[in-house]
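# Report on the structure
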Amino acid sequence: MEELRVCLNCRHEKGFNIFFKKSKDGKGKVKICLICPNCGQSSDIGWTTSSIKSFKAEKGLIY
């Protein structure tokens, strides 16, 4: 099975957190990027979405 969960910088093996960044392509897309919770190395792996309309966070349910 192929996996994307090991940081290429520090070799942390337990996956990533994500962050969102407005794309500069002028098409209103948002990039979904990875960030290592251990060393902070960020990676843009090409994921985008057009369904995010705002970066304003609202408090939701706690699970």
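Residues numbered from 1 in each chain as written. Predicted model: local features only at pLDDT ≥ 70, side-chain atom pairs only at ≥ 80, totals over all residues. Heavy atoms only, no water.

## Observations concerning the overall build of the protein chain
Along the backbone of the protein chain there are zero helices and three strands. Secondary structure elements in the protein chain, listed N-terminal to C-terminal, are β-β-β. Dimensions of the protein chain, computed from the C-alpha atoms along their principal axes, are close to 35 × 35 × 25 Å. The buried share of the protein chain, reckoned over its 63 residues, is 14%. Across the protein chain, the fraction of contacts at a sequence separation of at least 24, relative to all contacts at a separation of at least 6, is 23%. Carbon together with sulfur atoms contributes 50% to the accessible area of the protein chain, which is approximately 5600 Å² in total. Counting 12 positive and 6 negative side-chain charges, the protein chain places the centres of these two groups 8 Å from one another. (Helix = DSSP H or I, 4+ residues; strand = E, 2+ residues; numbered from the N terminus. Buried < 20%, exposed > 50% of the residue type's maximum accessible area, 1.4 Å probe, protein only. Contact = heavy atoms within 4.5 Å. Areas by Shrake-Rupley, 256 points an atom, 1.4 Å probe, with all protein chains shown as cover. Lys, Arg positive; Asp, Glu negative; His and termini not counted. Charge placed at Lys NZ, Arg CZ, Asp CG, Glu CD.)

## Describing the pattern of salt bridges
Summed over all chains, the structure comprises two salt bridges. The shortest N-O distance in the salt bridge between Asp44 and Lys31 comes to 2.9 Å. With Asp44 in strand E3 (residues 42-49) and Lys31 in strand E2 (residues 30-35), this residue pair connects regions lying 13 residues apart in the sequence. For Lys31, a relative accessible area of 23% translates into the label partly exposed. (Salt bridge = Lys/Arg side-chain N within 4 Å of Asp/Glu carboxyl O.)

## Examining the side chain of Thr49
Position of Thr49 relative to the elements: it lies in strand E3. One polar contact links Thr49 to Ser51, side chain to side chain, over a distance of 2.9 Å. Apart from the residues within four sequence positions on either side, Thr49 is in contact with Lys29, Val30 and Ile32. (Polar contact = N/O pair within 3.5 Å; in protein donor to acceptor, adjacent residues only side chain to side chain.)

## Structural notes on unusual backbone geometry
The phi angle at Arg11 is positive, at roughly 70°, despite the residue not being glycine. Tracing the chain through its elements places Arg11 in the segment before strand E1 (17-22).

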